[in-house]
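Structural description and commentary
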Amino acid sequence: MSIVFVPKKLRGKAKVNQETIQRLLDENDQLVRCITEYMQKGRAVECVQYQQILHRNLVYLATIADASPDGMTPATNATFSDASTPSVNGCTETQ
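Residues numbered from 1 in each chain as written. Predicted model: local features only at pLDDT ≥ 70, side-chain atom pairs only at ≥ 80, totals over all residues. Heavy atoms only, no water.

Observations regarding the pattern of salt bridges
All chains considered together, the criterion is met by 4 salt bridges. In this structure, Glu19 engages Arg23 in a salt bridge whose closest nitrogen and oxygen atoms are separated by 3.3 Å. A residue pair is termed a helical-turn pair when its members lie 3 or 4 positions apart in one helix, as Glu19 and Arg23 do in helix H1 (residues 18-40) at 4 residues. Residue Glu19 is classed as exposed on the basis of its relative accessible area of 52%. Arg23 gets classed as partly exposed once you look at its relative accessible area, which sits at 24%. The partner of Arg33 in a salt bridge is Asp29, and the shortest N-O contact between them spans 3.0 Å. Pair noted here: Arg33 and Asp29 are both in helix H1, with a separation of 4 residues, about one helical turn. (Salt bridge = Lys/Arg side-chain N within 4 Å of Asp/Glu carboxyl O. Helix = DSSP H or I, 4+ residues; strand = E, 2+ residues; numbered from the N terminus. Buried < 20%, exposed > 50% of the residue type's maximum accessible area, 1.4 Å probe, protein only.)

Brief notes about the confidence of the model for the protein chain
Summing up the model confidence of the protein chain, the mean pLDDT is 75 and the portion of residues at 70 or higher is 58%. Within the protein chain, the element-level pLDDT minimum falls on strand E2 (residues 78-80), averaging 47, and the maximum on H1, averaging 94. Below a pLDDT of 50 lies the segment residues 74-87, which in the model reaches 48 contacts outside its immediate sequence neighbourhood of four places, other chains included. (pLDDT = per-residue confidence, 0-100. Contact = heavy atoms within 4.5 Å.)

Examining the packing of H1 against helix H2 (residues 44-67)
At a minimum axis separation of 9 Å, H1 and H2 run at an interaxial angle of 155°. In terms of their interaxial angle, H1 and H2 are classed as roughly antiparallel. H2 is crossed by H1, and the crossing has left-handed handedness. Across the interface between the two elements, Ile21, Leu24, Leu25, Glu27, Asn28, Leu31, Val32, Cys34, Ile35, Tyr38 and Met39 from H1 touch Ala44, Glu46, Cys47, Tyr50, Gln51, Ile53, Leu54, Asn57, Leu58, Tyr60, Leu61 and Ile64 from H2. In the contact of H1 with H2, the residues fall into 18 nonpolar, 3 polar and 2 charged. (Axes fitted to C-alpha atoms, helices over the stretch in contact; angles between N-to-C directions. Parallel < 35°, antiparallel > 145°, perpendicular 65-115°, else oblique. Left-handed = near helix turned anticlockwise from the far one by under 90°. Nonpolar A, V, L, I, M, F, W, Y, C, P; charged D, E, K, R; others polar.)

A closer look at H1
An ideal rise of 1.5 Å per residue puts 33 Å on 23 residues; H1 measures up with 33 Å between its terminal C-alpha atoms. The distance from a side-chain oxygen at the start of H1 to the backbone nitrogen of Glu19 is 3.0 Å, and the residue carrying that oxygen is Asn17. Immediately beyond the C-terminal end of H1, within one or two residues, lies Gly42, with a positive phi of roughly 75°. (Expected span 1.5 Å × (residues − 1). Polar contact = N/O pair within 3.5 Å; in protein donor to acceptor, adjacent residues only side chain to side chain.)

Overview of the side chain of Arg43
Locating Arg43 in the fold gives a position in the loop between H1 and H2. Of the polar contacts made by the side chain of Arg43, one reaches the side chain of Glu46; its length is 3.2 Å.

In structure tokens:
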């Protein structure tokens, strides 16, 4: 599960701060590495799940950026509906 998924009862209560954004960026970095690894091994089907998570994270980050007032640091003391903790820890080979 990705950082942007939260149970419905917790939505709207999460504060997005620089730490949360950095965790998302780190998670996205790992997702890109996993996707690249699988693609290089000719295993495009396996990387689809990582591509979907990456897409959701990017859309979420774009939403945060769009909601930030111009000239301010993104997500400073802002509240958004979907933030939690990252859980993508790396690629693991499954056979």
